[in-house]
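# Analysis of the macromolecular model
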Amino acid sequence: DQQVKQNSPSLSVQEGRISILNCDYTNSMFDYFLWYKKYPAEGPTFLISISSIKDKNEDGRFTVFLNKSAKHLSLHIVPSQPGDSAVYFCAASEGNEKLTFGTGTRLTIIP
Amino acid sequence: DVKVTQSSRYLVKRTGEKVFLECVQDMDHENMFWYRQDPGLGLRLIYFSYDVKMKEKGDIPEGYSVSREKKERFSLILESASTNQTSMYLCASSTGQGAYEQYFGPGTRLTVT
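Residues numbered from 1 in each chain as written. Chains lettered and ligands numbered in written order. Predicted model: local features only at pLDDT ≥ 70, side-chain atom pairs only at ≥ 80, totals over all residues. Heavy atoms only, no water.

### Re the pattern of salt bridges
Here the structure, examined in full by the defined rule, presents 10 salt bridges over all chains. Among the salt bridges present, the one from B:Asp59 reaches A:Lys98, with a minimum N-O distance of 3.8 Å. One end of the pair, B:Asp59, is in the loop between β6 (56-57) and β7 (64-70); the other, A:Lys98, is in the loop between β9 (86-93) and β10 (99-101), on a second chain. Between B:Arg36 and B:Asp38 there is a salt bridge, with its nearest N and O atoms 2.8 Å apart. On the accessibility criterion, B:Arg36 (9% relative accessible area) is buried. (Salt bridge = Lys/Arg side-chain N within 4 Å of Asp/Glu carboxyl O. Helix = DSSP H or I, 4+ residues; strand = E, 2+ residues; numbered from the N terminus. Buried < 20%, exposed > 50% of the residue type's maximum accessible area, 1.4 Å probe, protein only.)

Structure follows, in C-alpha cells:
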C-alpha cells in the first residue's frame, strides 16, 4: 500500500515559469516531510523540508506547502531553470529517521 | 560535506550468485539505510541500521541480508541473486540525532542475468 503518492509521473514546464509538484499521503502519523531531487546516475540530494507544525517553508526559489487536513504537500519552483530538470521525490517520516518515499515526478524544463 | 560512497557503480551477476554491495560514510552517522529504486515504484527501504551490529527490516527485506560491523560501513548481501533483484541500489546515512535528512551515495546499478 503506497502511503506517499505522487500522481504525476512527469511534468513539463517552460523555463522561467512556475513548476508545481504535488504529493499526497495517507498516514496521519507522518509529521515531517522532505523533497529530494535526483539526476540520472546520481543519488538523490536533499532539497527542502517542512515540519507538520508549519504550513510553508521557503528556501530561495523553492517553497514547500503543507495542507494537513488534505494530507497534501506541494513543491513550488520559481522561476524554473533548465538545471531543475530531474526526478523529484517527496518523503515522509513518522517522527523517526525512517523515511517513506513517493514514486517520483520527472520534471522537464523546456528552454 | 557528507560523503557516502558505494563500492561499484555498475555490477553484472549471474542468477544464484552471492552478491555483496558495500557502502561507506565518512560523517560518523549513526543510521544507515539500503533502498532499491525501480521505475514507477520510487525508493523502497530494504534494511536499515541505527547502530553497529543492529539492523531492522524495511519494507522489502525478502532475499536480502545486511551487515554492520563498523559504524561507517553497511553491507547489503544478496544470498542467491535472482533476476527480479535487477535494480538500482542506493545507500544512505543520517545523523541519528533527530534530524531526518538522509544523505545518499551515487547508487549501484545491479543487473542479474
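That was the structure; now back to the text.
### Examining the state of the cysteines
All chains considered together, the criterion is met by 2 disulfides over all chains. The residue that forms a disulfide with A:Cys23 is A:Cys90, at a sulfur-sulfur distance of 1.9 Å. Looking along the S-S bond of the A:Cys23-A:Cys90 disulfide, the torsion reads about 65°, which is the right-handed sense. Within this pair, whereas A:Cys23 is found in strand β3 (residues 19-25), its partner A:Cys90 is found in strand β9, the two being separated by 67 residues in sequence. Each member of the pair, A:Cys23 together with A:Cys90, is buried. The disulfide bridge from B:Cys23 ends at B:Cys91, spanning 1.9 Å between sulfur atoms. When the S-S torsion is -80°, as for the bridge of B:Cys23 with B:Cys91, the disulfide is left-handed. With B:Cys23 in strand β3 (residues 19-25) and B:Cys91 in strand β9 (residues 87-94), this pair connects stretches of sequence that are 68 residues apart. Considered together, B:Cys23 and B:Cys91 belong to a single accessibility category, that of buried residues. (Disulfide = S-S within 2.5 Å.)

### Some remarks on the packing of aromatic side chains
Each aromatic ring pair is characterised by the separation of its centres together with the angle its planes make. Summed over the entire model, instances satisfying the criterion amount to 13 aromatic pairs over all chains. Taking the centre distance of 6.1 Å and the plane angle of 65° together, the rings of A:Tyr25 and A:Phe30 count as edge-to-face. Taken individually, A:Tyr25 and A:Phe30 each receive the classification buried, so the pair is uniform in this respect. Look at B:Tyr35 and B:Phe104: their rings are 5.6 Å apart centre to centre, the planes differ by 40°, and that puts the pair in the tilted class. Of the two residues, B:Tyr35 is situated in strand β4 (residues 31-38) and B:Phe104 in strand β10 (residues 103-104); the sequence distance between them amounts to 69 residues. Comparing B:Tyr35 with B:Phe104 shows no difference in burial state: the two are buried. Put simply, the rings of A:Tyr36, A:Phe46, A:Phe101, B:Phe33, B:Tyr35, B:Phe48 and B:Phe104 touch in pairs and so form one group of aromatic residues. (Phe/Tyr/Trp six-rings, centres within 6.5 Å; stacked < 30°, edge-to-face > 60°.)

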